[in-house]
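Now for the letters of each chain:
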Amino acid sequence: MLILHRKKGESLVINDNIKVTIVDVSGEKVKIAVEAPKEIPILRTELVTAVEVNKEAVKTNGLSANDIKSMLGISKNKK
Amino acid sequence: MEISTKYFNEVSIAKDSILTFEKGIPGFEDFKRYVLINFELGSDDLMCLQSLDEKELAFVLVNPFNLKADYAPSLTEEDVEDLGIDDSTEGVFCYAICSIKDNINENTVNLKSPIVVNPDTMRAKQIVLDSNEYAVRHEFKQFIKDAV
């Protein structure tokens with residue numbers, strides 16, 4: 001892994017077609033601009049995880065509405 | 001209009017109950033139109049988020065506040081804009097997606113990226129919370145234990 005220091009306004013280039021620029025730094029937040037060819041997907045890491053979990057969530061292995069109700073019957077578990 | 005659903009066969013829905021996810025849902029970006037269907041009439045504790053355009057695309061949602069009374073999701077400026085929230089918006093709904101497994105003990109709930117619905121605009125979005133307090137896979141049984 002390459003770790004380097006960059007200041008506001010500075011940038012770096014990856015593979016001569018992706019440019020990453022530090023637009024702004026304030027407190028704990030860094031604003032980054034990424035210039036890349038359209039076909040290169042750029043996702044926040046949290047979003048990659050969200051995709052994975054969503055794909056998992058739609059797989060319910062043939063359960064019926066009643067199965068789900070009995071498995072997650074939250075209201076029945078409340079006082 | 002009639003739609004085919006994953007859990008409830010054919011369901012008749014009102015046109016004004018259609019939710020629009022303008023950016024889709026992560027992993028399913030091509031599908032923008034959904035409806036919410038109650039698993040149990042009159043209770044919004046357990047809901048189904050059903051795609052209008054793909055029968056098999058349906059999420060099981062729970063009310064996260066039932067699981068965690070102090071649940072505190074916060075919206076970013078981008079979320080507010082995407083959902084069309086303004087000064088006249090009285091409130092939004094928030095749901096958490098469940099992953100249901102064969103083994104009931106392995107069921108999880110995603111508190112990190114809830115579904116938020118603005119009932120005024122009927123726009124909806126799966127947001128991603130900044131907080132490290134919430135995870136994408138909380139064990140469901142944990143909350144049931146706490147609730148009893």
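Preceding this section is the structure that the text describes.
All values derive from a computational prediction rather than experimental measurement.

Conventions used here
Residues numbered from 1 in each chain as written. Chains lettered and ligands numbered in written order. Predicted model: local features only at pLDDT ≥ 70, side-chain atom pairs only at ≥ 80, totals over all residues. Heavy atoms only, no water. Helix = DSSP H or I, 4+ residues; strand = E, 2+ residues; numbered from the N terminus. Rg over C-alpha atoms; globule rule 2.2 N^0.38 Å. Buried < 20%, exposed > 50% of the residue type's maximum accessible area, 1.4 Å probe, protein only. Contact = heavy atoms within 4.5 Å. Phe/Tyr/Trp six-rings, centres within 6.5 Å; stacked < 30°, edge-to-face > 60°. Buried area = accessible area lost by both parts, 1.4 Å probe. Salt bridge = Lys/Arg side-chain N within 4 Å of Asp/Glu carboxyl O. Patch = residues over 30% accessible without salt bridge, like charges linked within 9 Å, V, L, I, M, F, W, Y side chains within 5 Å. Areas by Shrake-Rupley, 256 points an atom, 1.4 Å probe, with all protein chains shown as cover. Pairing = 2+ DSSP bridges. Axes fitted to C-alpha atoms, helices over the stretch in contact; angles between N-to-C directions. Core = buried A, V, L, I, M, F, W, Y, C linked by side-chain atoms within 4.5 Å.

### What to know about the overall build of chain A
- Summing up its helical and strand segments, chain A has three helices and three strands in all.
- When the helices and strands of chain A are read in sequence order from the N terminus, they spell out β-β-β-α-α-α.
- In terms of overall dimensions, chain A is more spread out than a globule: its C-alpha atoms have a radius of gyration of 22 Å, far above the 12 Å expected for 79 residues.
- Its C-alpha atoms give chain A principal-axis dimensions of roughly 55 × 35 × 25 Å.
- Counting all 79 residues of chain A, 24% fall into the buried class.
- Within chain A, contacts between residues at least 6 apart in sequence are counted, and of these 0% link residues at least 24 apart.

### A word on the packing of aromatic side chains
All names here are of chain B.
- Taken as a whole, this structure holds eight aromatic pairs over all chains when the rule is applied.
- On the basis of an interplanar angle of 50 degrees and a centroid distance of 5.8 Å, the ring pair of Tyr7 and Phe39 is categorised as tilted. Of the two residues, Tyr7 is situated in the loop between β1 (2-4) and β2 (10-12) and Phe39 in strand β4 (residues 33-40); the sequence distance between them amounts to 32 residues. The burial state of Tyr7 is the same as that of Phe39; both residues are buried.
- Clustering of aromatic rings is evident, with ring pairs tying together Tyr7, Phe8 and Phe39.

### Here's the deal with the interface of chain B and chain A
- Residue-level contacts link 39 residues of chain B with 29 residues of chain A.
- At the boundary of chain B with chain A, total buried surface from both sides reaches about 3000 Å², with 63% on carbon and sulfur atoms.
- Contact with chain A buries surface across chain B, with Tyr7(B), Ile100(B) and Arg137(B) losing the most and accounting together for 18% of the total.
- Joining chain B to chain A, the criterion identifies three salt bridges.
- The partner of Arg137(B) in a salt bridge is Glu52(A), and the shortest N-O contact between them spans 3.3 Å.

### Some remarks on the pattern of salt bridges
- Evaluation of the coordinates by the stated rule reveals 14 salt bridges over all chains.
- Salt-bridge contacts for Asp24(A) lead to Lys8(A); the nearest nitrogen and oxygen are separated by 3.5 Å. Here Asp24(A) is found in strand β2 (residues 18-26), whereas its partner Lys8(A) is found in the segment before β1 (11-14), with 16 residues between them in sequence.
- Here Lys8(A) falls in the exposed class, since its relative accessible area comes to 56%.
- In the salt-bridge network here, residues are joined through shared partners; they are Lys23(B), Glu78(B), Asp79(B), Asp82(B) and Lys125(B).

### Digging into a nonpolar patch on the surface
- A surface patch of nonpolar side chains, amounting to about 480 Å² of accessible area, comprises Val25(A), Val30(A), Ile32(A), Val34(A), Ile40(A) and Ile42(A).
- Considering every element that reaches the nonpolar patch, the biggest residue donor is strand β3 (residues 29-35) of chain A, with three residues.

### Brief notes about the sheet that holds β1(A)
All names here are of chain A.
- Strand order in the open sheet made by the three strands is β1-β2-β3, with antiparallel pairing throughout. Each edge of the open sheet carries a strand with a single partner, namely β1 and β3. Between one strand axis and the next, the sheet turns through 25 degrees on average, direction left out of account.
- Sheet analysis places β2 next to β3, joined by seven bridges and oriented antiparallel. Across the sheet, the residue bridging to Ile22 is Ile32, located in β3.

### What to know about the nonpolar core
- Formed by 36 residues in total, the largest nonpolar core has its most connected members in Ile68(A), Leu72(A), Tyr7(B), Phe39(B), Val60(B), Val62(B) and Val109(B).
- Breaking this core down by element, the ones donating at least two residues are α2 (65-71) of chain A together with β4, β5 (43-51), β6 (58-62), β7 (93-99), β8 (108-118) and α3 (140-147) of chain B.
- Excluding its chain neighbours within four sequence positions, the residues that come into contact with Tyr7(B) are Thr60(A), Leu63(A), Ser64(A), Ala65(A), Ile68(A), Phe39(B), Cys48(B), Ala58(B) and Val60(B).

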